[in-house]
Amino acid sequence: STKRSQKNPFAAQAFRFQGLMISFIYRDFEATKNAAEKYIGCKFDSWVALSYNTIETFIFGLVSFWIYRKTNCIQWLETGVHTKQMMQRWSETSQWNFLQKFYLLEAEEHFCNERYGSAKQSYDVAVSYAARHKFIFDEALACEL
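Residues numbered from 1 in each chain as written. Predicted model: local features only at pLDDT ≥ 70, side-chain atom pairs only at ≥ 80, totals over all residues. Heavy atoms only, no water.

### Thoughts on unusual backbone geometry
Okay, step 1: Although it is not a glycine, Asn72 adopts a positive phi angle of roughly 60 degrees.
Okay, step 2: Looking at where Asn72 falls in the secondary structure, it is placed in the loop between helix 4 (50-71) and helix 5 (74-93).
Okay, step 3: One non-glycine residue with positive phi stands out, namely Glu114, at about 60 degrees.
Okay, step 4: By relative accessible area, Glu114 is classed as exposed at 59%. (Helix = DSSP H or I, 4+ residues; strand = E, 2+ residues; numbered from the N terminus. Buried < 20%, exposed > 50% of the residue type's maximum accessible area, 1.4 Å probe, protein only.)

Okay, structure coming up:
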C-alpha cells in the first residue's frame, strides 16, 4: 500500500524490483513492462543500498533494452544507455565486479541499434569476463540473451 511504501521506501523499491526480476526471468513481456513502469516510480538512490542498487541497475538496464526492442519507445533506449554508462563508471573502480555487466549492457545496446557483429563481440567478452570472475548468473544471462 502507499502508506507502507512511504514508511519504508527501501521495502517498496525491493518489492517492485522483485516483481520486475521475476517477470523478466520468465520473459513475460507485459508483466515486465508494467513492473518496470512501477519500479521507475519508486526508485531512489541511497548509499545505504548501493550494493543492491548495482544489481537493480544492471537488471533494469537489460529490461529497458528489451522493452525498447519490443516497443521502439526511445525512453527505454535512453534508460538502457544511462544504466550502461553507470555500469561503465562502476567498472572503472572495480572491473572484477562490473566489467561483464557493462559488456552485456553494451551488447544489448548494439543489438537494439542493429549492430549485430558488435553485439556478438560484446556478448562474447561479457561471457568471458563473467566466467573468469566466477559470476555464474551474469554468464548465464550473457549466454541466454
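### Remarks on the packing of helix 6 (residues 95-112) against helix 7 (residues 116-132)
Okay, step 1: Following both chains from N to C, one finds helix 6 and helix 7 inclined at 160 degrees, their axes separated by 8 Å at the closest point. By the criterion of interaxial angle, the relationship of helix 6 to helix 7 is roughly antiparallel. Seen along the crossing, helix 6 lies across helix 7 with a hand that is left-handed. Counting all contacts with helix 6, which are made through Trp96, Leu99, Gln100, Tyr103, Leu104, Glu106, Ala107, Glu108, His110 and Phe111, the residues of helix 7 involved are Tyr116, Ser118, Ala119, Ser122, Tyr123, Val125, Ala126, Tyr129, Ala130 and Arg132.
Okay, step 2: Class assignment for the residues of the contact of helix 6 with helix 7 results in 13 nonpolar, four polar and three charged. (Axes fitted to C-alpha atoms, helices over the stretch in contact; angles between N-to-C directions. Parallel < 35°, antiparallel > 145°, perpendicular 65-115°, else oblique. Left-handed = near helix turned anticlockwise from the far one by under 90°. Contact = heavy atoms within 4.5 Å. Nonpolar A, V, L, I, M, F, W, Y, C, P; charged D, E, K, R; others polar.)

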